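# Secondary and tertiary structure notes
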6 protein chains.
Amino acid sequence: MEKAFITFGEIMLRLSPPNFKRLLQADVLEVNYGGSEANVAASLAMFGNRVRFVTKLPDNPLGDAACRYLKSLGVDTSFIKRGGKKIGIYFLEHGASVRPSKVVYDRANSAICEAKREDFDWEKIFKGAIWFHISGITPALSDSLVEISIDAVKIAKERGLTVSCDLNYRKRLWSREKAREVMGEIIKYTDLIIANEEDAADVFGIEAEKTDVISGKLDVEHYKSVASQLLKVGSASMVAITLRESLSASDNYWSSLFYDGNEFILSKKYHLHLVDRVGGGDSFVAGLIHGLNKFSSKREAVEFGVAASALKQTIPGDVNLVYEDEVLNIMKGDVSGRVQR
Amino acid sequence: MEKAFITFGEIMLRLSPPNFKRLLQADVLEVNYGGSEANVAASLAMFGNRVRFVTKLPDNPLGDAACRYLKSLGVDTSFIKRGGKKIGIYFLEHGASVRPSKVVYDRANSAICEAKREDFDWEKIFKGAIWFHISGITPALSDSLVEISIDAVKIAKERGLTVSCDLNYRKRLWSREKAREVMGEIIKYTDLIIANEEDAADVFGIEAEKTDVISGKLDVEHYKSVASQLLKVGSASMVAITLRESLSASDNYWSSLFYDGNEFILSKKYHLHLVDRVGGGDSFVAGLIHGLNKFSSKREAVEFGVAASALKQTIPGDVNLVYEDEVLNIMKGDVSGRVQR
Amino acid sequence: MEKAFITFGEIMLRLSPPNFKRLLQADVLEVNYGGSEANVAASLAMFGNRVRFVTKLPDNPLGDAACRYLKSLGVDTSFIKRGGKKIGIYFLEHGASVRPSKVVYDRANSAICEAKREDFDWEKIFKGAIWFHISGITPALSDSLVEISIDAVKIAKERGLTVSCDLNYRKRLWSREKAREVMGEIIKYTDLIIANEEDAADVFGIEAEKTDVISGKLDVEHYKSVASQLLKVGSASMVAITLRESLSASDNYWSSLFYDGNEFILSKKYHLHLVDRVGGGDSFVAGLIHGLNKFSSKREAVEFGVAASALKQTIPGDVNLVYEDEVLNIMKGDVSGRVQR
Amino acid sequence: MEKAFITFGEIMLRLSPPNFKRLLQADVLEVNYGGSEANVAASLAMFGNRVRFVTKLPDNPLGDAACRYLKSLGVDTSFIKRGGKKIGIYFLEHGASVRPSKVVYDRANSAICEAKREDFDWEKIFKGAIWFHISGITPALSDSLVEISIDAVKIAKERGLTVSCDLNYRKRLWSREKAREVMGEIIKYTDLIIANEEDAADVFGIEAEKTDVISGKLDVEHYKSVASQLLKVGSASMVAITLRESLSASDNYWSSLFYDGNEFILSKKYHLHLVDRVGGGDSFVAGLIHGLNKFSSKREAVEFGVAASALKQTIPGDVNLVYEDEVLNIMKGDVSGRVQR
Amino acid sequence: MEKAFITFGEIMLRLSPPNFKRLLQADVLEVNYGGSEANVAASLAMFGNRVRFVTKLPDNPLGDAACRYLKSLGVDTSFIKRGGKKIGIYFLEHGASVRPSKVVYDRANSAICEAKREDFDWEKIFKGAIWFHISGITPALSDSLVEISIDAVKIAKERGLTVSCDLNYRKRLWSREKAREVMGEIIKYTDLIIANEEDAADVFGIEAEKTDVISGKLDVEHYKSVASQLLKVGSASMVAITLRESLSASDNYWSSLFYDGNEFILSKKYHLHLVDRVGGGDSFVAGLIHGLNKFSSKREAVEFGVAASALKQTIPGDVNLVYEDEVLNIMKGDVSGRVQR
Amino acid sequence: MEKAFITFGEIMLRLSPPNFKRLLQADVLEVNYGGSEANVAASLAMFGNRVRFVTKLPDNPLGDAACRYLKSLGVDTSFIKRGGKKIGIYFLEHGASVRPSKVVYDRANSAICEAKREDFDWEKIFKGAIWFHISGITPALSDSLVEISIDAVKIAKERGLTVSCDLNYRKRLWSREKAREVMGEIIKYTDLIIANEEDAADVFGIEAEKTDVISGKLDVEHYKSVASQLLKVGSASMVAITLRESLSASDNYWSSLFYDGNEFILSKKYHLHLVDRVGGGDSFVAGLIHGLNKFSSKREAVEFGVAASALKQTIPGDVNLVYEDEVLNIMKGDVSGRVQR
């Protein structure tokens, strides 16, 4: 029996200037590949799971290269539909200190945005699968993806898969109203909701009162209230909130709050000197999913997720290129960074 | 008095793997900027001319960077309309020996493709101008660009500018039929037509009989016939044909045939060990335009164009980063490549 | 009406080893261009102002490349005199933590050092101008530059330009005595003096008592006394002092004290995790000049200057490659470094 | 039905200085992975075949990275035994013109060299397989590999697989006497022998009379005699000889002679301006194997192999990163290297 | 009179991915050379001492390159025995923040591991020498090196050299039991023992009670007890303990405790934002040895050692590429990192 | 007995854009060190000789780095006078095909140019020496170097050293008249004159009639006449002329004519596909000097020089990083460039 994990979304070519250069001064761009659900897939595969990533990619060298990247990490790419005209691209300018990172997207009209319902045979895709993950970015990309995403969660639910959904609100992609409508539908079929500080408010109007995101401080009590409210809007039984306190583009605190309707679990908090914070949330999702399937204790699952995503933010690229034992070491408290010989 | 040169078209972000790597194996991509008419503009500016490049670019860091590149070479960018959503991109894989170079375009829906008639005030743009250049790529990009391109050549002609047009047929962008219709209109207002070996056939069905492009050999007599026929399809008084004999992706012969209805001028032929052949044709156009304005003799103008474009193909990037005196040295016959101290 | 800003000084080729390597171990050197007044010019141009940079550069590829850099940022280079034999060069070794950055200069006999009075026609240069900026480095470079610098400030003053002068004392270039004599003359024509912690003492013997520069701590009261005294030595009506507290080569505090004879304005203080601190003072000058011309409130002008220069120190190279809106965001207090999508 | 291709041997970490630098002056080394049979596996996978590569790799990040490389190209790595202490390494200094390339090996005591018989379950490995390929390098690496290699070819033969063997004599690894003894045993089970100019002589004492390898010229008649003799020493029914004429480290001629006991097929000869000649022979083997399985005509199979390996030598790295359609284009005669848009 | 310093051990090729990449994602590896005693030799030479490094290196381009590196820093390499089959290699993955650095060794069977007694003529090597340094790594590498190391310290002692020994326990190389036996013998001839926090416990079972290495905090009193005990196990008259408090892979505190049987000297403590912590201990050893020979005061010697090694950790590579005057500046308290012009 | 070789001249920092970029587009510059006599010294040291290089270098990190480079290759740098203000720099733009390489010098006022007679104690320098080499560049650099150069050759001659002098005329450094006067004096003390095609004419007005340097063809008979005349102008007994036929910046023919007053030796001619032709002449000088000291036959010496310098031109940098055995292989005729395993 396979026990496969399925994720569905976009994988983009990521291009970023090296050494804290601005896009304006870039003479070379470093190549990576990433996208919210692709990052979750890749991290789950690195942890030793069977993982299928579902998307659509153009049948050209750029599509090939994205597939090659996923395959290199052990992700099954055989359900990737090839066709369409372009791969989504994003340009990432790494910030530092008081200067924020900047992202310029070029993803409109990408192959996945223009995918059609018939491109994906969910019955086949879900064969032998136990988990399905999607984020709010996927339905935000196009109307056909709204339809396809709802198809996917429904069929997943029917077939008895556990469904997780990261709200991941992107204001450039859709309005709050549209997001609320679509995500409201999707979380009907969702078992585990993941959200960051602002998603709950943006998508469902759930407010974490008196919290000032810009100042970088946070108030746990309010997040408990947010978590409780999130469980009520859909049919989910678990919710996880990632808590990022941005001291600057170079230093953050990072932790998570988990709630299963029963117990609030507030994870250990990590101080991170950041190498690459992009994909931090996705690596938390992957770590949490892996943890929930590995540990009997939810606390351990959450701590695994947070430790995994702490590590991610020290690694260049979108993807959390770490193994399970490395995460377990961090969980045990060894964050001294001593050389391992 | 200004005596400005105007060119109109797209400038793209060009991304290419270094050191003959394939796109499939690229971990960094080198950044350049280029596009047929932008390349002509930049080379004319390097020769010391006043040049305005007209296009539309998104108001984001990538648009800024493209402008910055043009400004650095002395091109006037004040008539570039800012707006729209994306910059055109092309991925260039450099070939070598028997392996051809490959280009993957991502230019659909770029700002210039979606430009509107009202984005460009040609009366203002042409103030003080003496020359207007466009290539067949620009109208091929979108229907609105067909309209705008025809506007531009008409107004240019009315205002007494010399108009040049490089046929530059791209089969991926439009059909031969559409190209024939539109280019047929444009060359009504054109004084100087530039074409490479295949354009005349593709766009106007003019055949260079018995010439086998793949084998890399060519037959001058047939090109004379092609040149003569090209002068007849429109109102142009001059035609220039670039003659590339591709021995391999690493070695080419390069020359030109010019005809003004009177005399056939066959240029010197250069053996080139190629560094970057992209933009070779555009640098010829710039050299020829510069030459026609500098020299009283057409032969000198043509030889200047061919020498300029021979140099271009030894320089990385789309643009011919050479000065007038460097071209004159090549024209004089110094192609020995000795170190200049 | 143009409202141009003029700066005069040297632009050098800057060469630095990447990735914290020492010069001793460098196998490549990264190319940038910079110089105190050139940096001010470039930053003012990035903020959207019309700016002319005046210098002398050799007529060779290195002089061309320096011009190209300035033009790329929108600086008018048409008043740069071409001639002379060499471009000034400086080698910058980036420090880290307890290791200081090191600069090795190779600027003696550069074209600007050997410039002559007749190389610059100040009446023409100042046409349509409202501001002239110079630093103490320029007259320190050679005797002829003493003469030319005094010419420039006198003519600027006569023509009604606002004149700013950054004391910028460099002990390698001249003695304190010579500096005091020449700068004493220059600040007779200066409206705005900028100085860092040590300049006032070095050039005018004005002491900030009890302040220990090495320990990295500072005492604001003493700087108020310094500011007051600086206003008295010349005819300036404004003085700005940059306050850098060096915790290490990697971390600094950064703020400014401004005094207009009336009110002391102590800016917000930023904690900076440094990417490149070179040019920090120059970017403050540019920000302050821009702010004084943009805002009616001097506090806003000063805060703009400090925010701008905080950003600079997160960007590789001498020049502050940021736009006005990015500075305004920092001024508003968003220094959390969150990703901007 | 799977129709899998199996290859067995070593995959090494390849480290090479960029830009024609010598090892003595290298400050960075470019990372690739390669080994004779691994290269064959990877190329077969690029052509769309199901391929399993069998080896032993240490269970450390270097072993992981080698696996990751193979997986990225679609090679099945599930039969790679993990264990042992080190990955084989080779340092490659690229030559140019009159300077030869140099290889320094560090492969003694690698995991595969110390592999044991029980590490490989050939019955399982060969399930669903139709072809087995090995080269003379594998048994040359250690005594246990002699045993394992003979196991493998015997079992392959018993199970009805086609067996191919590239003689690939390496004088640093074993003596001619030992090679003759072991390879004499292996080719008893071999259907297709591949050899280059010197292997036949070194391993089996078969002489290509009057041929002077150093001068770079060759005499086809003698190679026909060599091919005939090679068919007689074992039970093979096909033999292919790669013919390299080294004009210099930068330019070669490349072709092949094939003999099936019936007809001599002399392939087209390519002039190659080399990017990376390492792996040229392996890419020929992969192309020939693919061709023999794809085409009914042996001439087409041979031409496919030669065209494939001509392309390889224009690509950095050991592996032939080309698709089937790209090889077919070369076979059709398009070696002009024109840009493909 | 020469007053030479001799060190004996291995020098390895060090390969590390740039920019915090993991080995799994490295496409290039940066080349450095290092090894505990080689690092001490190189630093002593940078301080202006006559230094001979003794080892065995293969007679191939990699051995040449290692020699070239040492010679470039002024180390006398004429006593390096050339021969054997391989150079030791280590792969270093730089950690960041919570992610530890990782080292993968490939040093088994290196030339020095397989060196024989007759490869080194200690009488000749020690001619004119005043100091001999070795670390516990050298005898740990092979049985023959146990013998040779004991030879070396004995002869050094007999000839009146001062002998220093850094315990440097490596659990991958030998057992605690074997280490205790061999090192127990070596420190009989040792004047100065250097150890880090764990070595005393690992090698001699000396416990620093209640100290929790992982938490990164330390308790000076216990280290005093450790120092006292270390003086008792052998015949040494001085012991130095390096005290590293690892806050993370990016930030450490660094200091030292020195004891000469008389006075405990606790050095200044430095906060380090790390560039490359590898070789930190070796640079302390070199600084201490240099200090003991330069200063009459032991406190100055210790402070010199700690300041030197603080600087090392801001420099890429194993070796402390700093001069004596740079260390003296740090000792004087200038750690503000201000630019030195 | 030492048998040392001495060379005297300038060593410069060489900065060059990678990958055929122009200086105008360089974002990094590759670091090398070179200078005519330094190159000879380094190559002689690579061949295993004892070599002292004499120059003056500033006491700063750039001077240190140049020394470090020479020491790394085994050159004795202990007679290098440290002092003065700057290191000479040259910027090298690599040409390709029809585009010539370009050199921009920044060597005026370098430490060696401003050296004084008392900086060099020739009696000490020449102790144990058998050969002294200088080129015409050294006296061309400054008037004091004229004096010092003449000192050096005189003392060398008196002490019985063999003196070689490469005419190396540089028109930017001095006039033909001054060169003739000074070089006329120097060759009075010279045993071996080396010249390229143009030096004899430029310096001594000796014409190689009917030879057209630009066309790249040459006429051996005329060079024989030049060689004969060169022997007559001074007291030399041997003359060597390097013969470069520049087909382009990418391809050259390379050979030499040697004459000892008795026999004309015309070397083998090599076709070179160039990697870096700078230093080609110097490597010939080093090879010839080594050959004259190694072989009894002058033909072998000349062939060694030509083979050595053929190799040089395939290696990046000024210096011929090859060993004696590699040159001997080329001499034997193995120029096929086959991989050496």
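Residues numbered from 1 in each chain as written. Chains lettered and ligands numbered in written order. Predicted model: local features only at pLDDT ≥ 70, side-chain atom pairs only at ≥ 80, totals over all residues.

## Some details on the overall build of chain A
Along the backbone of chain A there are 11 helices and 15 strands. A compact globule built from 341 residues would reach a C-alpha radius of gyration of about 20 Å, and chain A, at 19 Å, matches this within 12%. The C-alpha extent of chain A, read off along each of the three principal axes, is 50 × 45 × 45 Å. Looking at chain A as a whole, 63% of its 341 residues are labelled buried. For chain A, long-range pairs separated by at least 24 residues make up 70% of all intrachain contacts whose partners lie at least 6 apart in sequence. (Helix = DSSP H or I, 4+ residues; strand = E, 2+ residues; numbered from the N terminus. Rg over C-alpha atoms; globule rule 2.2 N^0.38 Å. Buried ≥ 20, exposed ≤ 12 C-beta atoms within 10 Å, placed from the backbone. Contact = placed C-beta atoms within 7 Å.)

## Points about the relation of the copies chain A and chain E
Here chain A sits on chain E after a turn of 120° about the axis and a move of 0.0 Å along it, with an RMSD of 0.0 Å. Classification of the inter-copy transformation places it as that of a three-fold axis. Every residue of chain A has its C-alpha some distance from the rotation axis, and the shortest such distance is that of Asn19 of chain A, at 4.7 Å. (Least-squares fit on C-alpha atoms with pLDDT ≥ 70 in both.)

## Looking at the confidence of the model for chain A
Residues with a pLDDT of 70 or more make up 96% of chain A, whose mean pLDDT is 95. Under the prediction, the complex receives an ipTM of 0.94, its pTM being 0.96. (pLDDT = per-residue confidence, 0-100.)

## Some words on the sheet that holds strand 3 (residues 28-34) of chain F
The sheet built from eight strands is open, its strands ordered 8(C)-7(C)-2(C)-3(C)-3(F)-2(F)-7(F)-8(F) with mixed pairing. In this open sheet, the two edge strands, each paired with only one partner strand, are strand 8 (102-106) of chain C together with strand 8 (102-106) of chain F. Averaged over all neighbouring strand pairs, the angle between strand axes comes to 30°, with direction disregarded. With three bridges connecting them, strand 2 (residues 12-16) of chain C and strand 7 (residues 89-93) of chain C associate as parallel partners. The residue of strand 7 of chain C that forms the bridge with Arg14 of chain C is Tyr90 of chain C. (Pairing = 2+ DSSP bridges. Axes fitted to C-alpha atoms, helices over the stretch in contact; angles between N-to-C directions.)

## Considerations on helix 2 (residues 61-72) of chain D
All names here are of chain D. End to end, helix 2 covers 16 Å across 12 residues, agreeing with the expected 16 Å (1.5 Å per residue, within 8%). In terms of burial, helix 2 is largely enclosed, as 11 of its 12 residues are buried. Three or more residues of helix 2 are buried, namely Pro61, Leu62, Gly63, Asp64, Ala65, Ala66, Cys67, Tyr69, Leu70, Lys71 and Ser72. Directly after helix 2, the chain includes Gly74, whose backbone phi takes a positive value near 95°. (Expected span 1.5 Å × (residues − 1).)

## Notes on the pairing of strand 10 (residues 162-166) of chain F
For a regular strand, side-chain orientation follows a simple rule: the groups alternate between the two sheet faces. Residues and elements named next belong to chain F. Most of strand 10 sits out of view: five of its five residues are buried. Of the two faces of strand 10, the one lined by Thr162, Ser164 and Asp166 and the one lined by Val163 and Cys165 are each fully buried. In this sheet, strand 10 lies alongside strand 9 (residues 129-135) in parallel orientation, the contact comprising five bridges. Paired with Ser135 across the strands is Asp166, a residue of strand 10. The sheet contact formed by strand 10 and strand 11 (residues 192-195) spans three bridges and is parallel. Within the sheet, the bridge partner assigned to Ser164 lies in strand 11 and is Leu192. In this view, the connection linking strand 10 to its parallel neighbour strand 11 by way of helix 6 (residues 176-186) has right-handed handedness. (Right-handed = clockwise from strand over helix to strand, strands pointing away.)

## Quick notes on the environment of Lys127 of chain C
All names here are of chain C. Turning to its location among the elements, Lys127 is positioned in the loop between helix 3 (122-125) and strand 9 (129-135). The class of Lys127 is partly exposed, set by 13 C-beta atoms lying within 10 Å. Sequence-wise, Lys127 and Ser110 are 17 residues apart; in three dimensions their C-alpha atoms are separated by 27 Å.

## Looking at the pairing of strand 7 (residues 89-93) of chain B
All names here are of chain B. When you tally the buried positions in strand 7, you get five out of five residues, the bulk of the element. Where burial is concerned, the two faces of strand 7 agree: the one with Ile89, Phe91 and Glu93 and the one with Tyr90 and Leu92 are both buried. Pairing of strand 7 with strand 8 (residues 102-106), which is carried by five bridges, proceeds in the antiparallel orientation. In the sheet register, Ile89 faces strand 8, and the bridge partner there is Asp106.

## Describing helix 6 of chain F
All names here are of chain F. Of the residues making up helix 6, those classed as buried are Ala179, Val182, Met183 and Ile186. Around the axis of helix 6, the buried residues are gathered within 95° of arc, so they sit on the same side. Residues of helix 6 that are buried in the fold lie against helix 4 (137-140), helix 5 (143-158), strand 10 and helix 7 (199-204). (Arc of directions from axis to C-beta.)

## Topic: the sheet that holds strand 7 (residues 89-93) of chain A
In spatial order, the strands read 8(A)-7(A)-2(A)-3(A)-3(B)-2(B)-7(B)-8(B); together these eight strands make up an open sheet with mixed pairing. Taken across any chain shown, the strands that pair with only one partner, and hence form the sheet edges, are strand 8 (102-106) of chain A together with strand 8 of chain B. Strand-to-strand twist in this sheet, taken as the mean axis angle between neighbours without regard to direction, amounts to 30°. Bridge analysis of strand 3 (residues 28-34) of chain A against strand 3 (residues 28-34) of chain B gives three bridges, and the strand direction is antiparallel. Its bridge partner lying in strand 3 of chain B, Val28 of chain A is registered against Glu30 of chain B.

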